[in-house]
Structures are given as structure tokens and as C-alpha cells.
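# Chain and residue survey
Read off the chains here:
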Amino acid sequence: YSAIFEESELSAWDYDYGFCSPKTLQCVPEPDAFNPCEDIMGYAFLRVLIWLINILAIVGNLTVLFVLLTSRYKLTVPRFLMCNLSFADFCMGLYLLLIASVDSQTKGQYYNHAIEWQTGSGCSAAGFFTVFASELSVYTLTVITLERWHTITYAVQLDQKLRLRHAIPIMLGGWLFSTLIATLPLVGVSNYMKVSICLPMDVESTLSQVYILSILILNVVAFIIICACYIRIYFAVQNPELMATNKDTKIAKKMAVLVFTDFMCMAPISFFAISAAFKVPLITVTNSKVLLVLFYPVNSCANPFLYAIFTKAFQRDFFLLLSKFGCCKHRAELYRRKEFSAYTSNCKTSFPGSSKPSQAALKLSTVHCQHSAVLDKTCHQEC
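Residues numbered from 1 in each chain as written. Predicted model: local features only at pLDDT ≥ 70, side-chain atom pairs only at ≥ 80, totals over all residues. Heavy atoms only, no water.

## Section: the overall build of the protein chain
Secondary structure summary: the protein chain contains 13 helices and zero strands in total. N-terminal to C-terminal, the α/β element order of the protein chain is α-α-α-α-α-α-α-α-α-α-α-α-α. The buried share among the 383 residues of the protein chain stands at 38%. (Helix = DSSP H or I, 4+ residues; strand = E, 2+ residues; numbered from the N terminus. Buried < 20%, exposed > 50% of the residue type's maximum accessible area, 1.4 Å probe, protein only.)

## Re the packing of aromatic side chains
A complete count under the given rule lists four aromatic pairs for this structure. Aromatic pair Phe-128 and Phe-132: ring centres 6.0 Å apart, planes at 5°, arrangement stacked. Here the residue Phe-128 and the residue Phe-132 both occupy positions in helix 5 (residues 121-153), the gap between them amounting to four residues, near one helical turn. Residue classification places Phe-128 among the partly exposed positions, given a relative accessible area of 23%. For the ring pair Phe-132 and Trp-175, a centre distance of 5.6 Å and an interplane angle of 70° mean the geometry is edge-to-face. Linking Phe-132 in helix 5 with Trp-175 in helix 6 (residues 164-183), this pair joins segments that are 43 residues apart in sequence. (Phe/Tyr/Trp six-rings, centres within 6.5 Å; stacked < 30°, edge-to-face > 60°.)

## Description of the nonpolar core
Side chains of a nonpolar character, in soluble globular proteins, are inclined to be buried together. If you look at the biggest cluster of nonpolar residues, it comprises 65 residues, and the most contacted ones within it are Ile-40, Met-41, Tyr-95, Ile-99, Trp-117 and Ile-197. If one sorts the elements of this core by residue count, helix 3 (residues 77-105) sits on top with 14 residues. The residues contacting Trp-117, other than those within four sequence positions of it, are Ile-40, Ile-99, Val-102, Tyr-110, Gly-122, Cys-123, Ser-196 and Cys-198. (Core = buried A, V, L, I, M, F, W, Y, C linked by side-chain atoms within 4.5 Å. Contact = heavy atoms within 4.5 Å.)

## Section: helix 3
The terminal C-alpha atoms of helix 3, which comprises 29 residues, lie 43 Å apart, in line with the 42 Å expected from a rise of 1.5 Å per residue. Judged by how many residues are buried, helix 3 sits mostly within the fold: 21 of 29 residues are covered. (Expected span 1.5 Å × (residues − 1).)

## Examining the UniProt feature "transmembrane region" (unreviewed entry) in the protein chain
In the UniProt entry, the feature "transmembrane region" (unreviewed entry) is given for residues 48-69, 81-102, 125-146, 167-190, 210-235, 256-278 and 290-310. With 100% helix and 0% strand, residues 125-146 has end C-alpha atoms that lie 31 Å from one another. (UniProt positions renumbered as here; feature names shortened; annotations may be inferred.)

## Some thoughts on the packing of helix 3 against helix 5
Viewed as axis vectors pointing N to C, helix 3 and helix 5 meet at an angle of 155°, and their least axial separation amounts to 8 Å. When the interaxial angle is binned, helix 3 and helix 5 end up roughly antiparallel. Judged by the twist between their axes, the crossing of helix 3 over helix 5 is left-handed. Here the contact of helix 3 with helix 5 is built from residues that sort into 19 nonpolar, six polar and three charged. (Axes fitted to C-alpha atoms, helices over the stretch in contact; angles between N-to-C directions. Parallel < 35°, antiparallel > 145°, perpendicular 65-115°, else oblique. Left-handed = near helix turned anticlockwise from the far one by under 90°. Nonpolar A, V, L, I, M, F, W, Y, C, P; charged D, E, K, R; others polar.)

## Quick notes on the environment of Phe-278
With respect to the element layout, Phe-278 can be found in the loop between helix 8 (246-277) and helix 9 (285-294). Placed 75 residues apart in sequence, Phe-278 and Val-203 show a C-alpha to C-alpha distance of 8.2 Å. Setting aside its immediate chain neighbours within four residues, Phe-278 contacts Gln-209 and Leu-213.

## Looking at the pattern of salt bridges
When the charged atoms of two side chains with opposite charge come close together, those side chains can pair. Counting across every chain of the model gives five salt bridges. Asp-103 serves as the salt-bridge partner of Arg-47, at 2.6 Å between the closest nitrogen and oxygen. Of this pair, Arg-47 sits in helix 2 (residues 44-70) while Asp-103 sits in helix 3, and the two are 56 residues apart along the sequence. By relative accessible area, which is 16% here, Arg-47 ends up buried. Using a relative accessible area of 1% as the deciding quantity, one classes Asp-103 as buried. In this structure, a network of salt bridges that share partners links the residues Asp-39, Arg-47 and Asp-103. (Salt bridge = Lys/Arg side-chain N within 4 Å of Asp/Glu carboxyl O.)

## Some remarks on the state of the cysteines
Within the structure shown, the criterion is met by one disulfide. Disulfide pairing is shown between Cys-123 and Cys-198; the S-S distance is 1.9 Å. Taking the sign of the S-S torsion, about -125° here, the bridge from Cys-123 to Cys-198 comes out left-handed. Here Cys-123, found in helix 5, pairs with Cys-198, found in the loop between helix 6 and helix 7 (206-237); they are 75 residues apart in sequence, far enough to count as distant. Considered together, Cys-123 and Cys-198 belong to a single accessibility category, that of buried residues. Cysteine Cys-227 shares no disulfide, and the gap to the nearest cysteine sulfur, in Cys-229, comes to 9.5 Å. (Disulfide = S-S within 2.5 Å.)

## A word on the packing of helix 2 against helix 3
Running from amino to carboxyl end, helix 2 crosses helix 3 at an angle of 150°, the nearest separation of the two axes being 8 Å. In terms of orientation, helix 2 and helix 3 fall into the roughly antiparallel class. The interaxial crossing formed by helix 2 with helix 3 has left-handed handedness. Looking at side-chain class alone, the contact of helix 2 with helix 3 contains 19 nonpolar, six polar and four charged residues.

## Considerations on the side chain of Ser-190
Relative to the helices and strands, Ser-190 resides in the loop between helix 6 and helix 7. Since its relative accessible area comes to 2%, Ser-190 is described here as buried. Residue contacts for Ser-190: discarding those within four places in its chain leaves Pro-185, Pro-200, Met-201, Asp-202, Ser-208 and Tyr-211.

In C-alpha cells:
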């Protein structure tokens, strides 16, 4: 101060040199096991992976939903169930997007935003999305497996086939159940404010413990049902007396790979969650974020590819849709040609007792031959 003011000016001041002595800052609330003093993503590699997984989950599931809903083919029960599964996985992608966005905005100073985030509407919305998506996904996978088992078991009895009018109320029940489970933490049964990743980890009250354990038990029951159905499917397709189609058998095998992959990824989450529900945590919140990114959402990222995008039926719908916008017309025409050939072959076998084809059939055959000749010539020229 003497370098700035004159001594006569300073003599009239009353100094308090207390600010010169060192002071210890007391911050509240203090870090604990649920809220360590770190960013939302505790590790740098998780910050990269969570963006990669949430982009794949959102783009992949949106693509599946758009192609299935705009397809010119009839909305069958498997397609309807796949739409529900894609929407559930899309919601999981939204949860990851919210978490990743907040982590990027608060990188290096999350401790200044922790209370505002965890007690605000953003964390509540993220928690709702993840619980709703997780439960709806498990429910839909269970229904898909039961539908496959029912279709293969009762392949001959067409009157026993599951119709869309049956599947809609079944899935409506799943939506109501998932919404209820995701809403309970918002009304005081556990809560989403306990940790920065907005999962219902509050097990202080007995009601909260019952809530967490009920979810885990239901998921275990769903896994047992799925295992039992696929065991039955395996023995059913081995039975030569059962006239299950080859298509159903292939679908069942693909479903088995998909579902078992899903539940193998969820196994570590369930194991550590059960221990935490009994207040015997075997893993810290920091390490649980590794499970959150590497295991918990991977299914939502992989499902659209394993279940839809890599299948021939989806690829057919995809290229037929692109052809409407002037892209991949040659590839789409090949799919139409295969479909037309399959249709005409079915028509020929529809009347095995008739020795002479009808006039309409002859005309259809002539048109088909002319159409095939034109396609062959076009394909030859393009090659």
C-alpha cells in the first residue's frame, strides 16, 4: 500500500491484517463413497467410449425404427416387437448422451456443479430414461423369446399363431410396467440424486431396498424364462415330427445369440447391484462407471446391428427404401426380382392337382419371363 498511497493517507486507516494469516477452507458436503471428488466420468478413456457408444446406439436404433416403420411390407409381430426394442435402446442412448454432455461441460470442475446437476431435473430425466429403457428392453426380449418358442412349437396349428392384436396389449403392459418402475424414484422410492450418473443407488430405507431387489429379481426371472424357452426351442427343432420351417430355426438361433449376449453383459451389473442393495458394496462408484460404460449400454449399441441391420430382411427393406430416393436402384431391383421369383414359384405349387395352367397363370409367366430378360440384359450391360 505504501507504494500507492502517501504516508499521510495511510495513517488514518484502521488495518486488519487477519487476511494475511493462512485459513483452511471447509467445503460442504464433503466427498464420500457415493460422491468422490472427481468428474462424472472418472477415467479419460471412458469419456471417449461413452460418446462412441451413445452415437452408435442413437443412430443405429433410429435407422432400424425408420426403416421398419416406413417399409412397404406388413407390420408383423416380430417387426412390431423389434420396433419396441429399438425404441427402448434409443432411450438408453439418450441417457448416455445426457451424461456425456454434462461431463464435457463440467470437465475439471464438476464439484462446482454437482449439487445443481444431481438435484435438478436433468439428472431425474436421465435416471428415468435409463431405468425405463433397461426394463422395457428386458421385457421386450422376454416377449420376443416367448413368441419364437410359441411360433416354433405351434408351427402346424395356424390358429394358435400369435397375432398383432395379441402383441399390442402385451407390449402395452410392458410400457406401463417400465414407466411405473422408472417413476417410483421420482416420488420418493429410492432416488436418482445419490450419484453423479443418476442411477437409483439410494438404499437407506427398507422401501428403497425392496425396490432395488424387486427389479433385480424380475430381471433374473426374465433370464430364467428366456433360458427355459431356448432349451425348449433347441429340443423342438431336433424333433423330426415337428414341421418347423428352416426360417424359424435360423431366427431362433440368432435370437439365442442376441439374448445370451445381452444377459452376459448385464450379469456383472446385477451381481454388484445385489451386493450394494444389501449394503455390502463390493465395488466403488469410480469403478462402477467402468461397468456403466463398458457393459451396461453395450447391448443398446449392439442390438440394432445383431438383430436387424445384419439380417437379409432388413437389408432388403433398407435398399428398397433407398431406391425411392434414387439410390442403389440396381441392388433394390435384384431384391424385387428375387421376391417375384419366390412369388411365382409359390403360385406354381399352390395347385398341385391341376395338370393344366390357367390362362391368367400363363400371362403371369409370360410377363415374368419378359421382365427377367430385361433385367438380365440390364445387369449384363451395367457389369
